[in-house]
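Single-letter residue listing:
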Amino acid sequence: MALAVGSPAPDFTALDDAGQSIQLSQFRGKTVVLYFYPKDDTPGCTKEACSFRDSYSAYQGKNIVVLGVSTDDSSSHEQFKTKFSLPFPLVADPDRSITQAYDVDGGGYAKRITYVIDGDGQIIRVYDSVKTDTHATDILADLGL
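Report on the accompanying structure. (Residues numbered from 1 in each chain as written. Predicted model: local features only at pLDDT ≥ 70, side-chain atom pairs only at ≥ 80, totals over all residues. Heavy atoms only, no water.)

Attention shifts here to the pairing of strand 6 (residues 114-117). Here is the key point about a regular strand: its side chains alternate between the two faces of the sheet. With burial as the criterion, each face of strand 6 is covered, one bearing T114 and V116 and the other bearing Y115 and I117. Pairing of strand 3 (residues 31-36) with strand 6, which is carried by four bridges, proceeds in the antiparallel orientation. Looking across to strand 6, one finds that V33 is bridged to V116. As paired elements, strand 6 and strand 7 (residues 123-127) share four bridges and run antiparallel to each other. The partner of Y115 across the bridge, within strand 7, is V126. (Buried < 20%, exposed > 50% of the residue type's maximum accessible area, 1.4 Å probe, protein only. Helix = DSSP H or I, 4+ residues; strand = E, 2+ residues; numbered from the N terminus. Pairing = 2+ DSSP bridges.)

Laid out in structure tokens, this is it:
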């Protein structure tokens, strides 16, 4: 069961696709779209990532950060990001600590769930049923953007 709307978003520190440390709390004051996906470079995950890529300009200038998270490592993320020209960070969670904290651990992979987190670190939306090819625009519509 995913975390509930109104819950505080668990902070985390992890490596991104460039091997740099990234922490959720560094984005305080911004809305964060934290989307979990099962595996780099698989059909559904690629559609979802490309949905965010193709809509990324609509997120820019609106104080919104997009972060993708899977249990793949930084090297896998780097290849996936490069192959599909993804303009946002991919967070590596090979030890599954983030997926467990967000209750999206599918037993070795992340379930496809997205959290929208407000600038104060509170979960304001949870998507546990995702249309991979329209997910990014669906979120924008729900946020009235």
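This part is about the environment of I98. The topology assignment puts I98 in helix 3 (residues 97-101). The exposure class of I98 is buried, given its relative accessible area of 3%. Between the C-alpha atom of I98 and that of C50, which follows or precedes it by 48 residues, the distance is 23 Å.

Moving on: the packing of helix 1 (residues 43-59) against helix 4 (residues 135-142). Any two packed helices are characterised by the angle at which their axes cross and by the distance between the axes. Put simply, helix 1 and helix 4 touch, their axes get as near as 7 Å, and they point 40° apart. Here helix 4 runs oblique to helix 1, going by the angle between their axes. Counting all contacts with helix 1, which are made through E48, S51, F52, S55, A58 and Y59, the residues of helix 4 involved are H135, A136, T137, I139 and L140. Among the residues making up the contact of helix 1 with helix 4, the classes are represented as six nonpolar, four polar and one charged. (Axes fitted to C-alpha atoms, helices over the stretch in contact; angles between N-to-C directions. Parallel < 35°, antiparallel > 145°, perpendicular 65-115°, else oblique. Contact = heavy atoms within 4.5 Å. Nonpolar A, V, L, I, M, F, W, Y, C, P; charged D, E, K, R; others polar.)

Interpretation in functional terms is not warranted from these geometric data alone.
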